Amino acid sequence: MARGTDAMLLQERLPEIFDGVADGVSVLDRTGIVRFANAAGARLMGAERAEDVIGRPSAEVLGHFDVLAEDGSPMALDQLPTRRALGGEATPEAVVRFRIHGTLKDRWSIVRARLLRGATSADDLVVTAFQDITALKRSELRLSILSEASAILGQSTDYEATLARVAQVAVPSLADWCVVDVAESGREPHRVAVAHSDPEMLAFADEVQRRWPSSANPSSGLDQVMRSGRSIHLPEVTDEMVRAGALDDEHYEALRRLGIRSALVVPLVARGQVLGALSLIDSTSQRDFDDDDVALAEELGRRAGAAIDAARLVHERETAVRERDEFVAVASHDMRTPLAAISGYAQLAHRHLATAEEMDRAALDRWIGDISSSADRLTRLVTNLMDASLLRGGRSVPLYLQPTDLVQLVKETIAEHRGTTGDRISLEVEVEPVTGKWDPMRLARVVDNLLGNAEKYSPEDAPIEVRVGTDGGWAVVTVTDHGIGIPPGDLRRIFTRNYRARNARGVAGTGLGLTGSDRLIRQMAGTIDVRSRLGEGSTFTVRLPLAAHVPAADATVEAEPQRGARPMHADPASPAASADLPA
């Protein structure tokens, strides 16, 4: 009697015992009715309590789920271990992947089933055990994403192309959207990759970015991550947040259409520098970025940052070597002419002095003048070489500031281009003189570089228009060409060291370059900007302060004038100019 009582007590406590088991357990009869489920089993079946599933048909319970194979492909219900056990298969087992309809929260379980035969087939029961391996599978998925992304990042030094492929890896397994922005040498970030499974949404996102660049909003998550170097996780992006981040009503409606529900933005970091940001975005409100997702994204950001840094170092080294060789070749060629002139005129003067009974002072004066002019030209070439070396090394160029007439400087620089451009260059002077304290030789080189680029990147018969004037306290010179123009995505980057616009990479280039021009103008407390339309041409605008100014922090003002510093640009009415004194 006692043994029977003990058995009854055990039977009564079986639900309590099974509720303490970590694995899910369910019992079905032949008709598919759930006769028993422990707490873990009920949770795996989408219910809060066992009572919510006991007594219900299993088909009804399964109706709330998408049932998938381990790899994510659809699984027929007759392949489930429970159905196979009812069919007589001994202890069937399978890894089942499933999610509630309309969500992206996949779960995985190892499912095992066993048929318990009764007195009749109607009394048969199937006991099914569910071992939840979701954490393990998600870890495998994250490692797979990280491994694949790392392999891609190591395949090429073209980091923009590799980052685009990495973004594709993250979609849709990790996020609905993956966006990558990269900054160049302290300038505003530009978008290099956007990934989404829907081509129409990609096209729409591209239009949104074109009309309302992310960098136009200083309060954006991208800007915050770029400034702080810390990740931002927004588990829920509310409508109020979207409205606050919109630049206008139309932008707000466009952002709503993108359907941003949650977001994770992590920095791309290398050697302590923030090189960009990677953004993961959910638009379904059915996916949560947990701590493991944040850790994965941040590791991906570190690896992407290292790849960008390595690619840039390789590119800079290759570019530096190529530009050095090109510059030395050009400089060597250009030096031959003044060297030949110096040698020739010196020999003429020597012979004249040795043979002439009376000194032809006019001829001698002319030859010595030509020798001096050629020596000045050589000095400028050597200075250019030294400046190029300093600028490529990221250092400042020593300046010699003196009162300079910008109109006269531009006229003389245009005259030097007449041999190759003919009458293509027109000059409009709004007011003259336009005088300020600048380095005339370096400023002439900037104008020369802009004119040279206008020649290279426009048809031979296309006009080049130059304007000189003032705007408030600024001297302004613009150079406009009607050539190939600059792609919109490259406009913010053309002043970046070693960068050339995509449609200009087949055109040979040496000399100062836009990066050096930008650096020199900034050292003189000015700015240089560009406006361009692809296929129609570009306008470069240089603005320089008219008033005396303190040089930029990285500028050094020489105490003595440089030989070849072209003092002919100085304002003749200035006492300092007539005395040839340094600023």
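Please read all numbers here as calculations on a predicted model, not as lab measurements.

1. So, the overall build of the protein
On a plain count of helices and strands, the protein comes out with 16 helices and 20 strands. Burial analysis of the protein (583 residues in total) assigns 44% to the buried set. In the protein, 64% of the contacts between residues at least 6 apart in sequence involve partners at least 24 apart. Put simply, the protein shows about 30100 Å² of open surface, and 53% of that area lies on carbon and sulfur atoms.

2. Structural notes on the sheet that holds strand β6 (residues 125-132)
Read from one edge to the other, the open sheet built from six strands follows the order β2-β1-β6-β5-β4-β3, with strand pairing classed as antiparallel. Only two strands of the sheet have a single neighbouring strand rather than two, namely β2 (34-37) and β3 (65-68). Geometrically, the sheet is characterised by an average inter-axis angle of 30° between neighbouring strands, direction not taken into account. Sheet analysis places strand β1 (residues 24-29) next to β6, joined by six bridges and oriented antiparallel.

3. Things to note about the packing of aromatic side chains
For the coordinates displayed, the defined rule picks out two aromatic pairs. Ring centres of F65 and F98 lie 5.7 Å apart, and the angle between their planes is 75°; this geometry places the pair in the edge-to-face category. Separated by 33 residues along the polypeptide, F65 in strand β3 and F98 in strand β4 (residues 93-100) bring together distant segments of the chain. A residue is classified by how much of its surface remains accessible, and F65, at 11% relative accessible area, is buried. The class of F98 is buried, set by a relative accessible area of 12%. Here F495 and F540 contribute two aromatic rings whose centre-to-centre distance is 6.4 Å and whose plane-to-plane angle is 85°, an arrangement assigned as edge-to-face. With F495 in the loop between β17 (474-480) and α15 (513-523) and F540 in strand β19 (residues 537-545), this pair connects stretches of sequence that are 45 residues apart. Across the pair, F540 and F495 agree in class, each one buried. Against the face of Y252 rests R243, its NZ or CZ located 3.8 Å from the ring centre. The ring of F204 is capped by R257, whose NZ or CZ atom sits 3.8 Å from the centre of that ring.

4. Comments concerning the side chain of D29
With respect to the helices, strands and loops of the structure, D29 is situated in strand β1. Its relative accessible area of 8% is what places D29 among the buried residues. At 2.8 Å, the side chain of D29 forms a polar contact with the side chain of R35. Here D29 is in contact with R35, D124 and L125, once residues within four sequence places are set aside.

5. What about the sheet that holds strand β10 (residues 262-270)?
One open sheet accounts for five strands, arranged β8-β7-β11-β10-β9; its pairing is antiparallel. Because the sheet does not close on itself, it has two edges, and the strands there are β8 (190-195) and β9 (232-234). Put simply, the sheet's adjacent strands are angled 15° from each other on average, direction ignored. Relative to strand β11 (residues 273-282), strand β7 (residues 177-182) runs antiparallel, the two sharing six bridges. Bridge pairing in β11 places V180 opposite L278. Set on the sheet, helix α6 (residues 159-170) makes contact with β7, β8 and β11; between it and β8 the angle comes to about 35°.

6. Overview of the packing of helix α7 (residues 199-211) against helix α10 (residues 249-258)
In contact at an axis separation of 11 Å, α7 and α10 are set at 155° when each is read in the N-to-C sense. Between α7 and α10, the angle is such that the two are roughly antiparallel. At the point where α7 passes α10, the crossing takes the left-handed sense. Contact with α7, carried on its side by M201, F204, A205, V208 and R211, involves E250, H251, A254, R257 and L258 of α10 and no other residues of that element.

7. A closer look at the environment of G344
Structurally, G344 is set in helix α11 (residues 291-355). By relative accessible area, which is 29% here, G344 ends up partly exposed. For the pair G344 and I371, spaced 27 residues apart in sequence, the C-alpha separation works out to 8.9 Å.

8. Quick notes on the packing of helix α5 (residues 134-153) against α6
The N-to-C vectors of α5 and α6 enclose an angle of 165°; their axes lie 9 Å apart at closest approach. Between α5 and α6, the interaxial angle falls into the category roughly antiparallel. Regarding α5 and α6, the two cross each other, and that crossing is right-handed. Each of I145, E148, A149, I152 and L153 in α5 lies in contact with α6, whose residues at this interface are T162, L163, R165, V166 and V169. In terms of residue class, the contact of α5 with α6 is made up of seven nonpolar, one polar and two charged.

9. Considerations on the pairing of β19
By the criterion of burial, β19 is predominantly enclosed, with eight of the nine residues buried. Bridge count for β17 against β19 is seven bridges, and the pairing is antiparallel. Pairing of V476 across the sheet is with R543, part of β19. Note that strand β18 (residues 527-533) and β19 share seven bridges and pair antiparallel. Bridge pairing links S532 to S538 in β19. Counting the residues between successive antiparallel strands, the hairpin from β18 to β19 contains three residues, one of them, G535, with a positive phi of roughly 85°.

Rules of the game
Residues numbered from 1 in each chain as written. Predicted model: local features only at pLDDT ≥ 70, side-chain atom pairs only at ≥ 80, totals over all residues. Heavy atoms only, no water. Helix = DSSP H or I, 4+ residues; strand = E, 2+ residues; numbered from the N terminus. Buried < 20%, exposed > 50% of the residue type's maximum accessible area, 1.4 Å probe, protein only. Contact = heavy atoms within 4.5 Å. Areas by Shrake-Rupley, 256 points an atom, 1.4 Å probe, with all protein chains shown as cover. Pairing = 2+ DSSP bridges. Axes fitted to C-alpha atoms, helices over the stretch in contact; angles between N-to-C directions. Phe/Tyr/Trp six-rings, centres within 6.5 Å; stacked < 30°, edge-to-face > 60°. Lys NZ or Arg CZ within 6 Å of the ring centre and 35° of its normal. Polar contact = N/O pair within 3.5 Å; in protein donor to acceptor, adjacent residues only side chain to side chain. Parallel < 35°, antiparallel > 145°, perpendicular 65-115°, else oblique. Left-handed = near helix turned anticlockwise from the far one by under 90°. Nonpolar A, V, L, I, M, F, W, Y, C, P; charged D, E, K, R; others polar.

Note that all results are geometric; they support no functional claim without further evidence.
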